[in-house]
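Below, each chain spelled out in residue letters.
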Amino acid sequence: MNSTSIKSRLAGSHGRVYWRSLGELADTPEFREYLHREFPEQASEWNDPKGRRQFLKLMSASLALAGVGACTKQPTEEIVPYVRQPEDLVPGRPLFFASAIPFSGVAHPVLVESHMGHPTKIEGNPEHQASLGATDTFTQAAILGLYDPDRAGAITNRGEIKPWGLFLSAMLSAGSQQKGRQGGGLRFLSGPITSPSMAEVMASVLAAFPQAKWHQYDPMSSDGARAAALAEGAVGDPIYHFDKADVVVTLDADFLTCGPGSVRYQKDFATQRRITEERKEMSRLYAIESTPTLTGAKADHRLAMKASEIEGFGRQLAGAVGAPAPAGPSARATDPASVIGKWVAAISKDLQAHRGRSLVIAGDYQPASVHTLARSINQALGNVGSTVTYGPSVEAGPTDHAASLADLVRAMDAGQVEVLVMLGGLNPVYSAPVDLKFADKLKKVNLSVYHGLYVDETAFLCHWNVPDAHPLESWGDARSFDGTVTITQPLIAPLYDGHSAVEVLTTFTSQPDRRGNAILKDHWTRAFAGGPWTIRSADGQPFKNFDAFWRRALHDGFIRGTAIADGGPATPLSVMPAVPAAGAPAPTTQQAATPPVTPPPATTTPPQSAAAGAQGGLELIFRPDPTVWDGRFSNNGWLQELPKPLTKVTWDATAWVNPQLARERGLEDGDVIELRYRGNTARMPIFRVPGHPQQSVTVFFGYGRQKAGNVGNAPKNAEAFNAFLLRTSDAPWFGNGLEIAKTGERYPLAATQEHHVMEGRAPVRVATLEEYRKDPKIIEEQGETPPRTLTMYPEYKYEGYKWGMAIDIGSCTGCSACTIACVAENNIPIVGKEEVAMGREMHWIRVDHYFAGTEDDNTVEAYHQPVPCMQCENAPCELVCPVAATTHSSEGLNDMVYNRCVGTRYCSNNCPYKVRRFNFLLYQDWDTQSLYPMRNPDVSVRSRGVMEKCTYCVQRINQARIDAKREDRAIRDGEVLTACQQVCPSDAIVFGNLNDPNSQVSKLKLQERNYGVLETLNTRPRTTYLAVLRNPNPELEPASRSTTEH
Amino acid sequence: MKAEPVYAPPPVIEPGHTFQTVTEQIAGIVLTRRHPYSWFFGLFVGFMGSMMLLMAVTWLLIKGTGIWGVNIPIGWGFAIINFVWWIGIGHAGTLISAILLLLKQDWRTSINRFAEAMTLFAVVCAGLFPLIHTGRPWLAAYWLLPYPNTMGIWPQFRSPLIWDVFAVSTYLTVSLLFWYVGLVPDLATLRDRAKSLPIRRLFGVLSLGWRGAARHWERYEEAYLLLAGLSTPLVLSVHTVVSFDFTIGIIPGWHSTIFPPYFVAGAIYAGFAMVLTLAVPLRALYHLEDFLTMRHLENMGKVMLVTGLIVGYGYVFEAFFAWYSSNIYEQYMVYNRMFGPYWPFYWALILCNIVMPQLLWKKSIRTSPAMLFFISMFVNVGMWLERFEIVVTSLHRDFLPSSWGWYWPTRWDIMTFFGTIGLFVMLFFLFIRVLPMISIFEMRTMVPAAKVKGGKAH
Amino acid sequence: METKRPVAALYGVMAEFDDTTALVEAARRAYAEGYRKFEAYSPFPIHDLFEVMHIRDKRVGLLVLLGGLTGMCTGLGLQAWVSAIAYPLNIAGRPYLSWPMFIPVTFELTILFAAFAAVFGMFGLNGLPMPYHPVFNVERFAMHASQDRFYLAIEANDPKFDRTATRSFLQSLGAKDVSDVEE
């Protein structure tokens, strides 16, 4: 479509609101034409890659353009930057704002880097206990989500663009109709809410409509954990303290990469295992798990078993440590001679040897019974209060999601639901359990309102679509996993006429059409005046007035003292009274009207037991996809192209099976199998994963999307690769009775790493703690380093700074946050599945993965190794470049001069680490205007035919150099953080000046477990690694096992 | 420069020829005789190939290197394979002219002219690839040359690619000079025989007014001899430099001291194979049996056999060094070539380059044009496979298993390759139409009447 | 048709021979006679001819040597200057003046310059290209000199030259045909 007409209209209408009122533009024919393309008759075009690309450009060129106009605009409300002097915005200097990116309702505290009003990069909030400066992959990728040209563009009613005003009046009339019957036909569906302000709005809505019901559903949330917590009354939610744990046992728990606390948990866990001059001890991790996870990969001992057998093992463990175990199925084998028996004996012994210093964790995807077991074991071991604390939930009105959704669907089926408001982009049509038939039931609803970032499968079936505002566009608050109230402040005005969930919700309150800022500020004004919160400043003193408090809260990005540990309450689902007139005593919360929370429905689904489902057949295990989760990130190219842990497959879901099972069924990687399970069928290409339980198949959610957007839509032949087609509400995470059949079809998978064996080259060096203690040389001996004197040439002297990096692969969990951070920082393009399959991915830092150990599934070891450019001092790449496009800087950086590069690719051929990346085609998207403001202005955007690679974030070094020069001092250690280093949750990456003996990196390189990869080539890499140290239990260490295959 | 071999070898020219007949028959092809249809067919085939090349390169410039199968880790694919292959072929011409001249091998006179032409055309095809294989050819075209510029940037003279630029361009220039110098007296002949004025004028200009004066001949022969002396080390250096492209690299399978000699041997091997591939059909097509005698064919067969054995020695020692070095990377490289995913290429290579040429031990095969053509075809293929082995199988599995990859050509790779063959064929057919494909004046010296009775000059 | 043309200055007298032996013999005799400014023409080089005419020009070889030396200095100088003086860069930790890596280019340039010297030197000394030369005014020469006949021309500016004497001398050498060569 021709976007210029819109542009002109935009230009014609002036003032800061024109981008808000896209609806008013809707009367241009081009715009209608564009709009219609969003509807299904164009679906065919979406699925053909070429067409999709064209279409992507088209639509972005049109709609995003409206956004671009907005990009340079700051929101009108006051927001407070993180730096001390907020007002002076120096051109070219980024500002940082503290904010939060909610994930399943829980806040991930962040600092957002903003260049002249464009948010360009997200970092963790170093002052926030839930982050300490790190983030996970999803939070990193949120920046692309903000600028995604496929986001829902405008409020629509049955496909017609409508202004906000019309929507408002529609809701008001719906509300007034419902008023008559106390809101009997009014239902709300949202994910879990931890936002105090939104909870209050919800409370007031429920108070206004006593018969209305609020249902919660998050397809990936753990009903098991929630049920166990609810059973414990108010205080059932565990918070773990790995910094105190010496022995950790996981029961199918992936605490390192899944769950809201994973970032902080990674940090503590890594600290507890890092061997330094000071620390000679490390904790020990036992992983009892079904589907291999990154946590299992870090474990000193990993025992693979079916997901349904975990409970039995837990029960046996409980018995062994003398913890009261609720009745239930007993373990598979009870005699101590068996493998299980041996493990139970060894682990329980280890646990009891560390009473109060040990920790047992139940997995989110395990039923309530397992969580109860874990809790009773922890109690028996006296861990409660030290390594784990149980407290109130951060969710407002926690409830059984599966039951809550089932209840809603039942009501919809019975025609009781007249108005259904779905908040926060849940997309239940795609993700609801298949037996509920949500899509069919949705048709029976008179008025359905869908609020989300995308026009997705559910939106297509709803009457009203209201675009959500991205967290970076909206005001709000949410609690982090530790309970700290974290403030979300907008970095940029909504690009696409977006409205936050709370803004939509207010249309049902007495004061409709309040902006997020007003709602938030009003809430906290009253909370400040009096409420369940204890609001204190950093020094523990109360603030002198609200403004001081509020300014501080916005500056820090969170409200101190609200963590559960600091006595923060459960998120109240109640209405606080208005601020009293000055002088009058502040009423307490108790007097506030507390509306009824949705009661747990009578016909709640039976708590899932280990024996769930039909007997016989294989066990089917469901897992969220490691990169696109439940499909909510399907349209995020960064996450799609991020290699999935352990398999390194990109862009596709795979069904994991044990190589043994694959052999029996004659399956190869990429063979499409048909999965038949409880009358439902789905298809998926398989992938063989050592250490996977023999009789189980793991499928991952998030694929087979049809209305995800141009990036996330599944091609025709992959639409059936959808795990939700198999999921039933009674067995959300695993169940027996799976039949698999080879279809004979093969599906091409694009993996960034094909070969997962080290071939005796020991790029990853490993030793056990004892071996290392006995003889630290054991690391050095695993490779060969030529003597420095072995060269014709004189040593090159590096005066001043001498940059170098040390990567502790002992700490690295393989979470790949570094890769995404690097992509975001360095404007790295995505290349698409076909190009990845050809071996042309562009990631500057990749995370290599190797399997080691023996065939036995219980001794499989997995190692991860982040590989950026080694910045070799004798760089083979430089020698062969005919045009001197890659040379050495005076500080030892292996610089890449894009402008000079002619693209012979000789440097890449000659790079023994293969860390160089080449723009074989025009990968960088020059057309999508909405992506312009996303790019980091300090990093040049590379074009076709040019080689590129890791530069140690040279732009950050130079920024620091400028600051240092202005203050006439040297760059301080730790002043320059590379993007990968800054994001790393386990602090595995350390960068600094090697000429400074006191710098952290120099100290690390002095350690005896420091080594360089392929040093035998005399490349003298500046990036070196700290070897992996394992801490196995001698009782379980098989005698015939080398630490790693050399 | 006429050799008087101690034994009486079969003559390099059939008896009964006079200056007149020699001139007639060779110059006639250019000036008078109408051309067989097969010539038009050959030209057409070559033209079509060239058009395909044009299309492939155009698309390459529009879309980028990504239309080929190259990737990380295999950054070089068909382009460099073809480059080395063509350069290798381009060696026989100058070699025959230069080295055989120095060695006073008079049988060279019948083949050196079109062998040199073959060299030129092969080098043209070869020279195309280093340029188009780059990501930004429009810059590579001149950024690799040392020219003063506002940024004060110069090429990086430690890079073998720069050495390539100098070696290949020097080789092309010197071969061209050598070829032209050899042509001048024949151009004079054509000038004097041409009937139509324009043609006469054209050859007149090209022959620079050559009139065959004794003083000119004396300087001419000295210069020609010196050129030969210069070309000989040049020929050897060019493929040595090409082999540096690999040996300077540190990739297992590249980083090897044996490359220069065995690349040169391989080049001569490939070159003679291609000369035979061209000579055998030409001989039949234009009835040149009198000038391209069996002795020529047999000698070329012998040279192929010898160089083939040297190449075989290279293969054996590559494997031996790998084993002897006890370097796991080298050892794996050899193992991977023989039994890795690309194993068929390796064994096909052994068949073509080592097994088939052994037939040449037999005189009856050396003297059968059909068999020689058949074997030379195998060698042409074999030498291409050798370059495939060196470029692809070395790169696809180097040091870190995590970055091992796989390479397969796309249709554009293949079109480009066959396109250059088309270009080569077209140029060659044009050449045999417009220039004497055998050196007439040198053939005259082979005529018995050329001998001065009682003359004592050598 | 010289007869039809107006009388022109005489370049010399030319005799035609039909085999190499006769030409060489004639040349020897002419030299013995004391003629110096004469030239023999043949469709291919005849070494005995060079001997009897005492032709030996060493300048070509000298030129080639000079060319080669120039090329070598240019190559080495350029690389050394670029890498060490004009724009020194730390390439792979190698010293600026890593001369072993400069050898290939130096070598190639040596050959290139030498080859140029050989070719252009030779043509230059031969006075080629030459658009016009009197000998071509002799019809048979133009027809056969580059193919199958052999010629000997004694130039008019030879001190011993005498139109009639020289003519008869040439005939005495058993020349097939003797004709005047006009400027």
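Keep in mind the model is a prediction, meaning the values are calculated, not measured. (Residues numbered from 1 in each chain as written. Chains lettered and ligands numbered in written order. Predicted model: local features only at pLDDT ≥ 70, side-chain atom pairs only at ≥ 80, totals over all residues. Heavy atoms only, no water.)

## What about the overall build of chain A?
Note the threshold: Numbered from the N terminus, helices here are DSSP runs of H or I no shorter than four residues, and strands are runs of E no shorter than two. Relative accessibility thresholds used throughout: buried, under 20% of the residue-type maximum; exposed, over 50%; partly exposed, between the two (1.4 Å probe, protein chains only). Whether two residues are in contact is decided by their heavy atoms: any pair within 4.5 Å suffices. All accessible areas in this document rest on Shrake-Rupley with a 1.4 Å probe, and a residue is counted as covered only by the protein chains that are shown.
Across its full length, chain A carries 30 helices and 39 strands. Buried residues in chain A amount to 66% of all 1046 residues. Counting only contacts in chain A whose residues sit at least 6 apart along the sequence, the fraction spanning at least 24 positions is 74%. As displayed, chain A offers around 34,400 Å² of accessible surface, 55% of which is attributable to carbon and sulfur atoms.

## Focus: the overall build of chain B
Worth spelling out the cut-off: Atoms counted for the radius of gyration: C-alpha only. Globule rule: 2.2 Å times residue count to the power 0.38.
The helix and strand inventory of chain B stands at 17 helices and 0 strands. Expected size for 458 residues packed as a compact globule is a radius of gyration near 23 Å; at 23 Å, chain B falls within 12% of this value. Once the C-alpha set of chain B is aligned to its principal axes, its extents read approximately 75 × 55 × 45 Å. Within chain B, the fraction of its 458 residues that count as buried is 66%.

## Looking at the sheet that holds strand 2 (residues 38-41) of chain C
Hydrogen bonding along the main chain pairs the strands of a sheet, whether they run parallel or antiparallel. Residue and element names in this part refer to chain C. To keep things clear, this is the line we draw: Note: two strands are recorded as paired if DSSP finds a minimum of 2 bridges between them. Every angle, taken between N-to-C directions, lies between 0 and 180 degrees, and every axis is a line fitted to C-alpha atoms, over only the stretch in contact when it is a helix.
Read across the open sheet, the 4 strands follow the order 2-3-1-4; overall the sheet is antiparallel. Two strands close off the open sheet at either side, each with one partner strand: strand 2 and strand 4 (177-182). Between one strand axis and the next, the sheet turns through 20 degrees on average, direction left out of account. Relative to strand 4, strand 1 (residues 10-17) runs antiparallel, the two being bridged by 6 bridges. Counterpart to E16 in the pairing with strand 4 is D177. In this fold helix 1 (residues 20-33) packs onto strand 1, strand 2 and strand 3 (150-155), with an angle of close to 15 degrees to the strand it touches most, strand 3.

## Concerning helix 1 (residues 19-31) of chain B
To keep it simple, the criterion reads: Expected helix span is given by 1.5 Å per residue-to-residue step, counting one fewer step than there are residues. Note on bend: at a given residue it equals the angle between the axes fitted to the 7 residues ending there and to the 7 starting there.
The end-to-end C-alpha distance of helix 1 of chain B is 17 Å, a good match for the 18 Å that 13 residues give at a rise of 1.5 Å each. Taken as a whole, helix 1 of chain B carries its principal kink of about 25 degrees at Q25 of chain B. Restricting attention to buried positions, one finds in helix 1 of chain B the residues F19, V22, T23, Q25, I26, A27, G28, I29 and V30 of chain B. Close packing links the buried residues of helix 1 of chain B with helix 7 (160-193), helix 16 (411-434) and helix 17 (440-446) of chain B together with strand 3 of chain C.

## A word on the interface of chain C and chain B
You'll often see interface size given as the accessible area lost when the parts meet. Let me state the cut-off plainly: Once two parts are put together, the accessible area they lose, assessed with a 1.4 Å probe and summed over both, is termed the buried area. Criterion for a salt bridge: a side-chain nitrogen of Lys or Arg within 4 Å of a carboxyl oxygen of Asp or Glu. The term polar contact refers here to a pair of N or O atoms within 3.5 Å; inside protein, the definition further demands a hydrogen-donor-capable atom paired with an acceptor-capable atom, and it admits residues adjacent in sequence only when both atoms are side-chain atoms. Each residue receives one of three labels: charged for Asp, Glu, Lys and Arg, nonpolar for Ala, Val, Leu, Ile, Met, Phe, Trp, Tyr, Cys and Pro, and polar for the others, Gly being one of them.
With 72 residues of chain C at the contact, the number on the chain B side is 66 residues. When chain C packs against chain B, the two sides together hide about 5,900 Å² of surface, and 67% of this comes from carbon and sulfur. Looking at the side of chain C facing chain B, the largest losses of area belong to F44, E108 and Q147 of chain C, adding up to 10% of the total buried there. Connecting chain C to chain B are 4 salt bridges. In this structure, D57 of chain C and R219 of chain B form a salt bridge, with 2.5 Å as the shortest nitrogen-oxygen distance. Connecting chain C to chain B are 25 residue pairs in polar contact (both at pLDDT 80 or more). At the level of elements, helix 1, strand 2, helix 2 (47-52), helix 3 (59-86), helix 4 (103-125) and helix 5 (139-144) of chain C are the ones that each hand at least two residues to the side of chain C that touches chain B. With 16 residues, the top contributor of residues to the side of chain C that touches chain B is helix 4 of chain C. Here the side of chain C that touches chain B is built from residues that sort into 48 nonpolar, 12 polar and 12 charged.

## Overview of unusual backbone geometry
Each neighbour pair has its own omega, and for I72 of chain B with P73 of chain B the value is 15 degrees, a cis peptide bond. With omega at -5 degrees, the peptide bond leading from L128 of chain C into P129 of chain C counts as cis. By secondary structure assignment, the location of P129 of chain C is in the loop between helix 4 and helix 5. Backbone geometry places W651 of chain A, a non-glycine residue, at a positive phi of 65 degrees. Tracing the backbone shows W651 of chain A in the loop between strand 21 (649-650) and strand 22 (655-657). The phi angle at R1020 of chain A is positive, at roughly 55 degrees, despite the residue not being glycine.

## Quick notes on the pairing of strand 16 (residues 464-467) of chain A
Side chains on a regular strand alternate between the two faces of the sheet. Residues and elements named next belong to chain A. By the alternation rule, side chains of strand 16 split into W464 and V466 and N465 and P467, which are all buried. Sheet topology places strand 4 (residues 156-157) next to strand 16; 2 bridges connect them, and they run antiparallel. Across the sheet, residue N157 finds its bridge partner in strand 16, namely W464. One ladder, built from 4 bridges, connects strand 15 (residues 447-452) with strand 16; its direction is parallel. Its bridge partner being in strand 16, V449 is matched across the sheet by W464.

## Some remarks on the packing of helix 5 (residues 112-132) of chain B against helix 16 of chain B
All names here are of chain B. As a reminder of what qualifies: Oblique is the label for every angle not falling under 35 degrees (roughly parallel), over 145 degrees (roughly antiparallel), or within 65 to 115 degrees (roughly perpendicular). Two helices crossing with the near one rotated counterclockwise from the far one by less than a right angle form a left-handed crossing, whereas a clockwise rotation gives a right-handed crossing.
Packing of helix 5 against helix 16 leaves a shortest axis separation of 10 Å and a crossing angle of 150 degrees. In terms of their interaxial angle, helix 5 and helix 16 are classed as roughly antiparallel. Crossing angle aside, the handedness with which helix 5 passes helix 16 is right-handed. Together, R113, F114, A117, M118, F121, A122, C125, L128, F129 and I132 of helix 5 and T416, T420, L423, F424, L427, F428 and F431 of helix 16 make up the contact between the two elements. A breakdown of the residues in the contact of helix 5 with helix 16 according to their chemical character gives 14 nonpolar, 2 polar and 1 charged.

## As for the pairing of strand 14 (residues 419-422) of chain A
Residues and elements named next belong to chain A. The two faces of strand 14 match: V419 and V421 on one face and L420 and M422 on the other face are all buried. In the sheet, strand 6 (residues 186-190) pairs with strand 14 via 4 bridges, with the strands oriented parallel. Bridge pairing in strand 14 places R187 opposite L420. Bridge count between strand 14 and strand 15: 4 bridges; the pairing is parallel. Looking across to strand 15, one finds that V419 is bridged to L447.

## A few points about the confidence of the model for chain A
Residue and element names in this part refer to chain A. Spelled out, the test is: The predictor attaches a confidence to each residue, and that confidence, scored 0 to 100, is pLDDT.
The share of residues in chain A with pLDDT of 70 or more is 86%, and the mean pLDDT across the chain is 84. Within the model, the stretch residues 58-72 combines pLDDT values under 50 with 45 contacts to residues more than four positions away or in other chains. Between residues 1039-1046, whose pLDDT stays under 50, and residues either more than four places distant or in other chains, the model counts 20 contacts.

## Here we look at the interface of chain B and chain A
The interface is formed by 54 residues belonging to chain B together with 51 residues belonging to chain A. Here chain B meets chain A over a buried area of about 4,200 Å², counting both sides, of which 58% is carbon and sulfur. If you sort the residues of chain B by the area they bury against chain A, I72, L400 and S402 of chain B come out on top, with a joint share of 17%. At the boundary of chain B with chain A, the tally comes to 1 salt bridge. Put simply, K914 of chain A and D398 of chain B hold a salt bridge, and the shortest N to O gap is 2.9 Å. Taken together, the residues that form the side of chain B that touches chain A break down as 35 nonpolar, 14 polar and 5 charged.

## Section: the packing of aromatic side chains
Residues and elements named next belong to chain A. Note the cut-off: Here the aromatic set is Phe, Tyr and Trp, taking the six-membered ring for Trp, and pairing holds for ring centres within 6.5 Å; pairs whose planes are under 30 degrees apart are stacked, those over 60 apart are edge-to-face, and all others are tilted. When the NZ atom of lysine or the CZ atom of arginine is within 6 Å of a ring's centre and also within 35 degrees of its normal, the charge is said to sit over that ring.
Tallied over the entire structure, the rule returns 101 aromatic pairs over all chains. Taking the centre distance of 4.9 Å and the plane angle of 65 degrees together, the rings of W656 and F700 count as edge-to-face. Highlighted residues: W656 in strand 22 and F700 in strand 25 (residues 696-700), separated in sequence by 44 residues. Lying over the aromatic face of Y430, R705 brings its terminal NZ or CZ to 5.0 Å of the ring centre.

## Describing the pattern of salt bridges
Residue and element names in this part refer to chain A. Tallied over the entire structure, the rule returns 74 salt bridges over all chains. With a shortest N-O distance of 3.7 Å, R966 and D963 are connected by a salt bridge. On the criterion of helical spacing, the pair formed by R966 and D963 is a turn pair, its members being 3 residues apart in helix 28 (residues 954-966). Take R966: its relative accessible area is 58%, and that puts it in the exposed class. What emerges from the salt-bridge pattern is a single network uniting K121, E123, E825 and R956.

## Re the side chain of T295 of chain A
Residues and elements named next belong to chain A. Structurally, T295 can be placed in helix 10 (residues 294-298). A distance of 2.3 Å separates polar atoms of two side chains, one belonging to T295 and the other to D254. With residues up to four places along the chain from it excluded, the contact list for T295 reads T250, A253, D254, F255, L256 and L285.

## Quick word on the nonpolar core
Spelled out, the test is: By convention a nonpolar core is built from buried Ala, Val, Leu, Ile, Met, Phe, Trp, Tyr and Cys residues, the set being connected through side-chain atoms within 4.5 Å.
The biggest cluster of nonpolar side chains holds 367 residues, and the ones touching the most others in it are L675 of chain A, F114, F246, F431 and M437 of chain B together with L49 and L152 of chain C. Formed by 35 residues, the second largest nonpolar core is a distinct cluster that contains W164, V421, V466 and V504 of chain A.

## Here's the deal with the environment of E873 of chain A
Note that E873 of chain A resides in the loop between strand 31 (861-867) and helix 26 (876-880). For E873 of chain A and N1018 of chain A, which are 145 residues apart along the polypeptide, the C-alpha to C-alpha distance reads 9.0 Å.

## What to know about the sheet that holds strand 36 (residues 989-993) of chain A
In spatial order, the strands read 36-29-38-37 (chain A); together these 4 strands make up an open sheet with mixed pairing. In this open sheet, the two strands that pair with only one neighbour each are strand 36 and strand 37 (1010-1011) of chain A.

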